[in-house]
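Chain and residue survey
Next come the chains, spelled out residue by residue.
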Amino acid sequence: MGDQHSSGSVGAPSAQALQRLSELVRRVNSSTDTTQVLEEIANGVREVLGYGVAAISQLEGDTLVMVVVAGPEDARRQILGRRTPAVDVLDEYRAADHWGILRYVPHGRLDPAHLIGVWTPDIQRSEDPDDWHPDDALYAPLYSATGELLGNMAVDLPPGLRVPGQAERDLLEMFVVQAGLALSNAQQRERLARQVHLGGILKEVAQAGSQLGIEALLDAATDVVNRGFGAVRTWVRCLSDGEGGQETSIGHPPPAEASPGIETLRTDLAVTAWPTGALVLIAVDDVDSAFLPVSRVAVQAAMRAAAVDHGVIAPVGVGPEMFGYLAIGLGADHPQLRPDELATIGEIARELGRMVHSARLFETEQRLVSELRDLDRYKGELIATISHELKTPLTTIIGHVELMEDEGIDSRSVEAIGRNAERLDRLIQNLLDYAQVQERRDSVRRTVDLVELVDAAIELLSQQAESGGVRVVFERPPCRVEVLGDAEEIGTVLNNLLGNAVKYTRTGGRVDIEVAANDAWTQVAVSDTGIGISPVDHSRVFSTFHRSSNPEALSLPGTGLGLAISRRIAEAHGGRIEVESTLGAGSTFRLLIPSLSNPTNG
């Protein structure tokens, strides 16, 4: 064999080996790259302890994956990337001789079937039991400080091609313990860095929800996901909600041509993955998939077209409804997704579901608002058109009634025609006023004296008040009370308020009018002793076309437009109308308009 080590020759180089081991441990403890740590460990076993081969496999789930091989090129080619069920390696541990934490399996002890595909060194076989045999195996489990198995180190071609003696075992064991701790620390640092990275991806996806429109937010989100996971391509597809929404398909990076959707994929996911909240792992060479019984072939064809080797598909939806999916495609050199990465992808899919749901609600709301505005405008135009068409013949009727009265034709029929024509005229005028308020544009504001407008309203309604036996009392202020506004519009409000007070006050009742002002507001208060307003009607008294539920009020003619018009005019002047009322005891309506000294008036 030549140049073989004996147990007595180890003492001299052990100090040097310990020094190099200390330097190696310092380097691996300062590294944040797990792959670099493993390479340092494997190379250290070769360079420091003199083994010809050191191969390290890392535990991923229930599989040991060979990630680093330090040794001859033929060994690297044969075993690098090899995946071995952890249970098989544990079986070999149980068949091995225990050298502390090391596990030595001498040749001939394992079933030959275990050696199929295993790299075997090309060395001379010897009958000396202390010589290393090509089928001998020496393992070194890598543990964390808490005793968790992290991986496995397999060494071959020991120094001098001799079965390691106690001193060499002690050195290897010491090295393995430190290497396991260094690996544990590196993995913890990597895990923490990955958590920060995944949290950043999730945060950026959530921020994409601020984009207006489903297509814009999905475009921003898929870009974040594709960059964050180092994917070859990321797709998201949301189908139409059936309420006017459009189907949306986004991919990053954008293709030269849009990729066709896989119609059967949504059906598969809705039946298999969505009810359980599962993610679907898919590889381009899978021959079966319980989650994609119908769409697997089509999905794999799309993966090949995009140069994707493996990936994950996550259903997207909210509540009981699934309306799309997120697909992340990875390259052949990308490792399998870890559990924390899959958990993050699941949360991203749920966030996308919430975002799309909110965006759809917003778009529906905007669409309904637009339709309501169109309907409201159409209603105003319709009212104005009909009112104008009615106004012309009605004016003719009223004119002829007046001619008949001037000619002395005294008939109850003529009186009835005139009375009802005037009623129709008031109705049409209210409709025209309402249409005008609906299409209102900014008018020229001038200084208006409210006292004069109240006098004009009292004069207009004096005959109605007198015939109804209602007394109108105006507490006239000693001076002018002025506001900035449109005299015709404010006059319309006062006519409506005073007209309602007179109309709904019984014979012998009273209507009081007061005008007052302070630095902020100028108000006109109209109080009556009339029938009042019920609590049920109170909240709807300013609604368009609303009529009271009080039978006594319904017996009097009205359109339900006067107060709606009045409120709109008041609000257009920066003011409001307040009401206090007790059923059967009367009401008080207050028109409030900003005073000239109010900074908001201007």
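As the structure is a prediction and not an experimental result, all values here were calculated from the model.

1. Observations regarding the sheet that holds strand β9 (residues 248–252)
Spatial strand order, β9-β8-β12-β11-β10: five strands in an open sheet with antiparallel pairing. At either end of the open sheet lies a strand with only one pairing partner, and these are β9 and β10 (280–283). Neighbouring strand axes in the sheet, compared pairwise and without regard to direction, differ in orientation by 15° on average. With five bridges joining them, strand β8 (residues 233–238) and β9 adopt antiparallel strand pairing.

2. Re the environment of isoleucine 531
Mapped onto the elements, isoleucine 531 comes out in the loop between β17 (521–528) and α13 (535–538). Isoleucine 531 gets classed as buried once you look at its relative accessible area, which sits at 5%. Sequence separation between isoleucine 531 and alanine 585 is 54 residues; the distance between their C-alpha atoms is 6.1 Å.

3. Some thoughts on the sheet that holds strand β6 (residues 137–143)
One open sheet holds the seven strands; their spatial order is β3-β2-β1-β7-β6-β5-β4, and the pairing between them is antiparallel. Edge positions in the sheet fall to β3 (83–85) and β4 (97–99), since each of these pairs with one other strand and no more. Strand-to-strand, the axes of this sheet are offset by a mean angle of 30°, without reference to chain direction. Bridge count for strand β5 (residues 102–105) against β6 is three bridges, and the pairing is antiparallel. Bridge pairing in β6 links valine 105 to alanine 137. Against the sheet, helix α5 (residues 166–208) makes contact with β1 (53–60), β4, β5, β6 and β7 (149–156), and its axis sits at roughly 40° relative to β6, the strand it touches most.

4. Regarding the packing of α5 against helix α6 (residues 214–228)
Between α5 and α6, the least distance of the axes is 8 Å, while the angle of their chain directions is 170°. Considering their axes alone, α5 and α6 lie roughly antiparallel with respect to each other. On α6, the residues that touch His197, Ile201, Glu204, Val205 and Ala208 of α5 are Leu217, Ala220, Ala221, Val224, Val225, Arg227 and Gly228. For the contact of α5 with α6, the per-class residue count stands at eight nonpolar, two polar and two charged.

5. Here we look at the confidence of the model for the protein chain
Of the residues in the protein chain, 79% have a pLDDT of 70 or more, and the chain-wide mean is 81. The low-confidence segment residues 1–13 (pLDDT under 50) makes 15 contacts with residues lying over four places distant or belonging to another chain.

The rules behind the values
Residues numbered from 1 in each chain as written. Predicted model: local features only at pLDDT ≥ 70, side-chain atom pairs only at ≥ 80, totals over all residues. Heavy atoms only, no water. Pairing = 2+ DSSP bridges. Helix = DSSP H or I, 4+ residues; strand = E, 2+ residues; numbered from the N terminus. Axes fitted to C-alpha atoms, helices over the stretch in contact; angles between N-to-C directions. Buried < 20%, exposed > 50% of the residue type's maximum accessible area, 1.4 Å probe, protein only. Contact = heavy atoms within 4.5 Å. Parallel < 35°, antiparallel > 145°, perpendicular 65-115°, else oblique. Nonpolar A, V, L, I, M, F, W, Y, C, P; charged D, E, K, R; others polar. pLDDT = per-residue confidence, 0-100.

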